[in-house]
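# Working through the structure, step by step
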Amino acid sequence: MSTAARSAPHLQWSLVVPVKVLARAKTRMSAAAGPHRRDLALAVAADTVAAALRCDGVRDVIVVTDDPLPAAELAALGARIVPDEPDAGLNPALVHGAGRGRELFPDAGVGALSADLPALRPDELARVLRAAEKAPEAFVPDAAGIGTTLYTARPGVPFSPAFGGDSRAAHRARGAKELLLGDIDSVRRDVDTPDDLRAALALGTGPRTAAVAARLPAMNAPA
Ligand SMILES: Nc1nc2c(ncn2[C@@H]2O[C@H](COP(=O)(O)OP(=O)(O)OP(=O)(O)O)[C@@H](O)[C@H]2O)c(=O)[nH]1
Ligand SMILES: C=C(OP(=O)(O)O)C(=O)O
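These numbers come from a predicted model, not from an experiment.

For the protein, the count of helices and strands is 11 helices and seven strands. Its C-alpha atoms put the protein at 55 × 35 × 35 Å along the principal axes. Carbon and sulfur atoms make up 53% of the accessible area of the protein, which totals about 10,000 Å². Computed over 26 positive and 26 negative side-chain charges, the inter-centroid distance for the protein is 3 Å.

On to the nonpolar core, then. The biggest cluster of nonpolar side chains holds 31 residues, and the ones touching the most others in it are L15, L113 and L125. When contributions to this core are tallied by element, the ones reaching two or more residues are β1 (13-18), α3 (37-53), β2 (58-65), α6 (122-132) and β5 (137-141). Per element, the largest residue contribution to this core is six residues, and it comes from α6. Setting aside anything within four residues of it in sequence, one finds L113 in contact with L15, V16, V17, P18, T48, A52, L120, L125, T149 and L150. If you look at the next biggest cluster of nonpolar residues, it comprises 14 residues, including V16, I62, A93 and F163.

Quick look at the pairing of strand β6 (residues 148-153) now. Burial runs high along β6: six of the six residues are buried. As defined by bridge partners, strand β4 (residues 109-113) adjoins β6 across four bridges and the pair is classed as antiparallel. Along β6, the bridge assignment pairs G111 with T152.

Taken together, 16 residues lie around ligand 1, and K20, K26, T27, R28 and D84 are the ones closest in. The contact in question runs from an oxygen atom of ligand 1 to an N or O atom on the side chain of D116, over 3.1 Å. About the coverage of ligand 1: the protein hides 82% of its 610 Å² of free accessible area. Among the detected pockets, ligand 1 sits in the largest pocket. Tallied by class, residues from the shell around ligand 1 come to seven nonpolar, two polar and seven charged.

Here the focus is the UniProt feature "domain: MobA-like NTP transferase" (unreviewed entry) in the protein. The sites that carry the UniProt feature "domain: MobA-like NTP transferase" (unreviewed entry) are, in the present numbering, residues 47-145. A distance of 22 Å separates the end C-alpha atoms of residues 47-145, which is 43% helix and 22% strand.

In total, this model carries 14 salt bridges according to the counting rule given. Taking the shortest distance from any N to any O, the salt bridge between K26 and D116 comes out at 3.2 Å. With K26 in the loop between β1 and α2 (30-33) and D116 in the loop between β4 and α6, this pair connects stretches of sequence that are 90 residues apart. We classify K26 as buried; its relative accessible area is 13%. Here D116 falls in the buried class, since its relative accessible area comes to 17%.

All right, on to the site of ligand 2 then. Inspection of the region around ligand 2 gives R28, L90, D116, G147, T148, F163, G164, S167 and D192 as its neighbouring residues. Between an oxygen atom of ligand 2 and a main-chain N or O atom of T148, the distance comes to 2.9 Å. Grouping the constituent residues of the shell around ligand 2 by class yields two nonpolar, four polar and three charged.

Reading the values: the criteria
- Residues numbered from 1 in each chain as written.
- Chains lettered and ligands numbered in written order.
- Predicted model: local features only at pLDDT ≥ 70, side-chain atom pairs only at ≥ 80, totals over all residues.
- Heavy atoms only, no water.
- Helix = DSSP H or I, 4+ residues; strand = E, 2+ residues; numbered from the N terminus.
- Areas by Shrake-Rupley, 256 points an atom, 1.4 Å probe, with all protein chains shown as cover.
- Lys, Arg positive; Asp, Glu negative; His and termini not counted.
- Charge placed at Lys NZ, Arg CZ, Asp CG, Glu CD.
- Core = buried A, V, L, I, M, F, W, Y, C linked by side-chain atoms within 4.5 Å.
- Buried < 20%, exposed > 50% of the residue type's maximum accessible area, 1.4 Å probe, protein only.
- Contact = heavy atoms within 4.5 Å.
- Pairing = 2+ DSSP bridges.
- Near = heavy atom within 4 Å.
- Polar contact = N/O pair within 3.5 Å; in protein donor to acceptor, adjacent residues only side chain to side chain.
- 1 Å grid on protein atoms, 1.4 Å probe; cavity = no way out; pocket = protein on both sides within 12 Å on 5 of 7 lines; lining within 4 Å.
- Sits in = over half its atoms within 2 Å of the grid points.
- Nonpolar A, V, L, I, M, F, W, Y, C, P; charged D, E, K, R; others polar.
- UniProt positions renumbered as here; feature names shortened; annotations may be inferred.
- Salt bridge = Lys/Arg side-chain N within 4 Å of Asp/Glu carboxyl O.

So, in structure tokens, the structure goes:
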């Protein structure tokens, strides 16, 4: 690799994190989380945002939400809050947040990062973002291999997230580069179900998620 290439600065990224109204969040965790469901949804989002903010290469974390509670808690961590259009849906919310990011930092790439990554490691996210520099659009499939946990577009490339359902296939079909690097489990480990949460706890989550999980009998039942 040339000296110039070695010393070239890496692209910086504005990451958009969507957080829906807590009252409607994490419904697949209802049975396991019981009265702690909202706390769990907030804790997972907060650990995700805190890790993203510690990541080299992340210029800004933009949380799109129309719920004042996560807005206040995530702003206190250092996230920028962009109000969501009520009931506009996930992808329009991401596009809305990315538009703000491009206004603020036009030279940065934009990414959509799932709010459900409580085991996220800044070093693994940094490696993924460096790989994302090499393609106009890129994405990381979730641990199940069906969904997506990160979708990115370089500066000047239309930002076209296709989250929801079989989004791995949807992003692949749009020509986004699939980033299947080794050792990026924390970037793929999203939490939707009790088994997902057990797997994230085994990886090692942030303190907020660990504290709420400790209060869930389903997470602490004998094997
Ligand atoms: N701002 C915003 N975020 C959304 C919207 N829909 C989904 N999200 C977020 O996108 C991510 C994936 O959403 P879902 O899997 O549909 O919802 P969830 O709360 O994670 O889980 P379930 O209720 O079990 O489906 C979560 O972080 C949600 O908070 C939306 O319309 N607006
Ligand atoms: C929205 C997505 O995930 P989930 O609904 O599982 O949170 C997705 O992976 O595109």
